[in-house]
Amino acid sequence: MNKDQELEYLVEKYSDTILRLSYSYLKNLQDAQDITQNVFVKLYTTNYVFKNSEHEKAFILRMTINSCKDLLKNSWKNKICDFEISENIVTPNFENENSILWAVNQLDEKYRMIIHLHYYEGYKASEISKITGITIPTVYTRLIRGRELLKHILEEEKGEENYGPGQI
Amino acid sequence: MDLDKYKKEMDDIHYTKKGKENLFENTKIIAKEKQQSTSEFKKVRSYRKYAIAATLIVASSVTVLATDTLQNIVEIFSPILGGNSAQTEIINEIGRPINSSDTENNITITADAIIGDETTAFIVYTLENSDGTTFELPTGVEVSDLHFSNDLIYGSKIELAEFGGLSQTLSIQENPNDPNSLQIIESLTSSKPLILGQNVTATFSNLSYENNILVNATWEVDYNLDYGDASKTIPVNETFTKDNIIYEIDNVVVSPISFRANYTVHAVPDEKSFSSTEIGNSGEETSSTIFTEDLEIKSPSGEFVDTEFIDNINIAVTKNNGEEIKIKTEGASTGPSTDSDEYTFVTKYLVFDDIVPLDEIASIVVDGIKIDLK
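Let us look at the side chain of A:Arg112. Residue and element names in this part refer to chain A. Residue placement: Arg112 occurs in helix α5 (residues 109-120). Put simply, Arg112 is tucked away with no salt bridge, and the nearest opposite charge, on Glu109, sits 6.3 Å away. Only 2.5 Å separates the side chain of Arg112 from the backbone oxygen of Ser24, close enough to count as a polar contact. When near neighbours in sequence (up to four residues on either side) are disregarded, Arg112 contacts Ser24, Tyr25, Leu26, Lys27, Val104, Asn105 and Leu107.

Turning our eyes to something else, we now look at the confidence of the model for chain A. All names here are of chain A. Confidence along chain A averages 78 in pLDDT terms, with 78% of residues attaining 70 or more. Within chain A, no element has a lower average pLDDT than strand β1 (residues 89-90), which sits at 73, and none a higher one than helix α1 (residues 3-26), at 92. In the model, residues 75-85 has pLDDT below 50 throughout and makes 14 contacts with residues more than four positions away in sequence or in other chains. Here residues 163-168 scores under 50 on pLDDT; set against residues more than four positions off or in separate chains, the count is 3 contacts.

What follows covers the packing of α1(A) against helix α1 (residues 4-11) of chain B. Relative to each other, α1(A) and α1(B) sit at 115 degrees, their axes nearing to 10 Å. α1(A) and α1(B) meet at a crossing whose hand is right-handed. Of the residues in α1(B), those in contact with A:Arg20, A:Tyr23 and A:Ser24 of α1(A) are B:Tyr6, B:Met10 and B:Asp11. Classifying every residue of the contact of α1(A) with α1(B) by side-chain character gives 3 nonpolar, 1 polar and 2 charged.

With that settled, the discussion passes to the sheet that holds strand β23 (residues 369-372) of chain B. Residue and element names in this part refer to chain B. Strand order in the open sheet formed by 4 strands is β19-β18-β22-β23, and the pairing between neighbours is antiparallel. Of all strands in the sheet, those with a lone pairing partner are β19 (324-326) and β23, marking the two edges. Pairwise comparison of adjacent strand axes, ignoring direction, gives a mean angle of 20 degrees for this sheet. One ladder, built from 4 bridges, connects strand β22 (residues 361-366) with β23; its direction is antiparallel.

Quick look at the packing of aromatic side chains now. All names here are of chain B. Inspection of every chain in the model, using the stated rule, returns 5 aromatic pairs over all chains. Centre to centre, the rings of Phe148 and Phe204 are 5.1 Å apart; their planes meet at 50 degrees, and the pair counts as tilted. Of this pair, Phe148 sits in strand β5 (residues 146-148) while Phe204 sits in strand β8 (residues 199-209); the two residues are 56 residues apart in sequence, bridging distant segments of the chain. When its relative accessible area of 1% is taken as the criterion, Phe148 is described as buried. On the basis of relative accessible area, Phe204 is assigned to the buried category, the value being 0%. A centroid spacing of 6.1 Å and a plane angle of 55 degrees characterise the contact between Tyr247 and Tyr263, whose relative ring orientation is tilted. One end of the pair, Tyr247, is in strand β11 (residues 245-254); the other, Tyr263, is in strand β12 (residues 258-265), and 16 residues separate them in sequence. Take Tyr247 and Tyr263: they sit in the same class, and that class is buried. Ring pairs connect the aromatic residues Tyr125, Phe148, Phe204 and Trp219, which therefore count as one cluster.

As a further point, take unusual backbone geometry. Residue and element names in this part refer to chain B. With a phi close to 65 degrees, Asn106 is a non-glycine residue in the positive phi region. Looking at the secondary structure, you find Asn106 in the loop between β2 (96-104) and β3 (107-116). In this model, Asp367 sits at a positive phi of 45 degrees, which is unusual for a non-glycine residue. Position of Asp367 among the secondary structure elements: in the loop between β22 and β23.

Among the nonpolar cores identified, the biggest contains 55 residues, and A:Phe40, A:Leu117 and B:Tyr6 are the most heavily contacted of them. The dominant element in this core, judged by the number of residues it contributes, is α1(A), at 10 residues. If near-sequence neighbours (up to four positions away) are discounted, A:Phe40 is found in contact with A:Leu7, A:Leu10, A:Val11, A:Tyr14, A:Ser15, A:Ile18, B:Leu23 and B:Thr27. The next biggest cluster of nonpolar side chains, apart from the first, holds 34 residues, and it includes B:Phe148, B:Ile158, B:Ile184 and B:Leu194.

Okay, the pairing of β8(B) next. Residues and elements named next belong to chain B. The buried count for β8 comes to 8 of 11 residues, which makes it a mostly enclosed element. Across 3 bridges, the pairing between β5 and β8 is antiparallel. For Leu146, the partnering residue across the bridge sits in β8 and is Tyr209. Where β8 and strand β9 (residues 212-224) come together, 10 bridges link them in antiparallel fashion. By the bridge assignment for β9, Asn199 is matched with Asn224. Turn length for the β8-β9 hairpin, with the two strands adjacent in sequence and antiparallel, is 2 residues, and the turn residue Glu210 shows positive phi of about 45 degrees.

Our focus in this paragraph is the sheet that holds β9(B). Residue and element names in this part refer to chain B. In space, the 3 strands of this open sheet follow the order β5-β8-β9, with antiparallel pairing throughout. Edge positions in the sheet fall to β5 and β9, since each has one partner strand and no second. The mean angle between the axes of side-by-side strands here comes to 30 degrees, regardless of whether they run parallel or antiparallel.

All names here are of chain B. For Phe352, the location among the structural elements is in the loop between β21 (344-351) and β22. Assessed through its relative accessible area of 5%, Phe352 is described here as buried. Along the primary structure Phe352 and Ser255 are separated by 97 residues, whereas in three dimensions their C-alpha atoms are 9.4 Å apart.

Turning our attention to the packing of α5(A) against helix α6 (residues 125-132) of chain A. All names here are of chain A. Interaxial distance between α5 and α6 falls to 10 Å at its minimum, and their mutual angle equals 130 degrees. Taken together, the axes of α5 and α6 lie oblique to each other. Here α5 runs over α6; the crossing is right-handed. For the pair α5 and α6, the contacting residues are Ile114, Leu117 and His118 in the first and Ile128, Ile131 and Thr132 in the second.

Each value, and the rule that gives it
- Residues numbered from 1 in each chain as written.
- Chains lettered and ligands numbered in written order.
- Predicted model: local features only at pLDDT ≥ 70, side-chain atom pairs only at ≥ 80, totals over all residues.
- Heavy atoms only, no water.
- Helix = DSSP H or I, 4+ residues; strand = E, 2+ residues; numbered from the N terminus.
- Buried < 20%, exposed > 50% of the residue type's maximum accessible area, 1.4 Å probe, protein only.
- Lys, Arg positive; Asp, Glu negative; His and termini not counted.
- Salt bridge = Lys/Arg side-chain N within 4 Å of Asp/Glu carboxyl O.
- Polar contact = N/O pair within 3.5 Å; in protein donor to acceptor, adjacent residues only side chain to side chain.
- Contact = heavy atoms within 4.5 Å.
- pLDDT = per-residue confidence, 0-100.
- Axes fitted to C-alpha atoms, helices over the stretch in contact; angles between N-to-C directions.
- Left-handed = near helix turned anticlockwise from the far one by under 90°.
- Nonpolar A, V, L, I, M, F, W, Y, C, P; charged D, E, K, R; others polar.
- Pairing = 2+ DSSP bridges.
- Phe/Tyr/Trp six-rings, centres within 6.5 Å; stacked < 30°, edge-to-face > 60°.
- Core = buried A, V, L, I, M, F, W, Y, C linked by side-chain atoms within 4.5 Å.
- Parallel < 35°, antiparallel > 145°, perpendicular 65-115°, else oblique.

Here is the structure:
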């Protein structure tokens, strides 16, 4: 494969993965698109040698996480931009309060990331540990704590619905 | 609580077909812009290094052919080289002529010579009209405007033995030895040792300026990655403690081209960033190749340590004449630290701005520990 073919393969295989992971981290689709673009530029301009497809994916996920961190660290994270979903991506109406995605987005980033890698990407704690550099016990702790918080958020939301305006 | 629903909702977020096409095209455009701006930046900052590398490599290949020519080159570039005969000898020892070429569309690209060490290599190519006439540029176009359309891929396709970063740059400039031709200088810097002896194909496509193709062709120049690696590994095995963290200097590797210090930190990273490899910082007295990995280090006691800490180790190469080459500390390359629960393996790396004969190096000092090269 030449470089362009490699890029085409990577875009086809990982664009959605990177977009979703970035979104789970940043809670902003505009930023998630920027991260996705940046990751591909890095992949395109640097010769990386991967041991196998698992290594490739883990590396790209790690690169994505770190790009998200960089974005949060940089001042331009505060840039003002209209939240505009372009023709590039499809998004459902997930920001309503009945959505589990909405509930996950209420969690702190450190829980969102672990929940995404475990429940969406299907990684085990030991694999998440390798991707994120976080120790295995911490991964377990965050998974358990994240679930507890999520449950609490959903119950609270349900409670508010039950006792909404006009209800006693 | 149904977390499967999370998966379903996440699945609904995806790129459209058009979105993926845009992503693909935009990546190439942004990368090219980035490459061009970086090249310009590097060109200014690294001019001296490239000029030296080119001159030295050409000198190397020419020494095999004619001492008089070598003398001329040394004389012409003595302001840069310093007229040090010891350098000429070293270049002769570690450089290798290549003399492999490919002609397409009446333009010949020839790989002239290579010089390198364990992890770094410079290759010099000549680009000329195949009939020997002067290669001329359109009016208003400067040599610095030129690039290959595949310059993001760079010339040489190098195989690495194991996972590692490989940074490659191309620079097109006037040929100081022949006004009729141009010179292409390729630099390769790897985070892992380069495998010598491998057959390499360097590919160049469509010599261009801005968005215009000047020569529509693809050249493939085959050569063997071979040179005299003069790298010298000096085992150290010294330990020091800083802010309650133990640092163990494993060894230092020095060559006339670069310097590398390998040390083990008795702490594990909590977060690790594999940023792209970059060459940077040659605007000052020394230049440093940086493998950026954004680390947050956690000590065995569980306390987080500032990322900068790992980089703030003082490393300096001291020459016999007392001159000190300080290694910039903002970059580090880490080894298989993710496979260890206790240690982080770090490499500090520096490409010298000039050829430094090993017998001119007196010592290397790593945070107070003096490693005598004698």
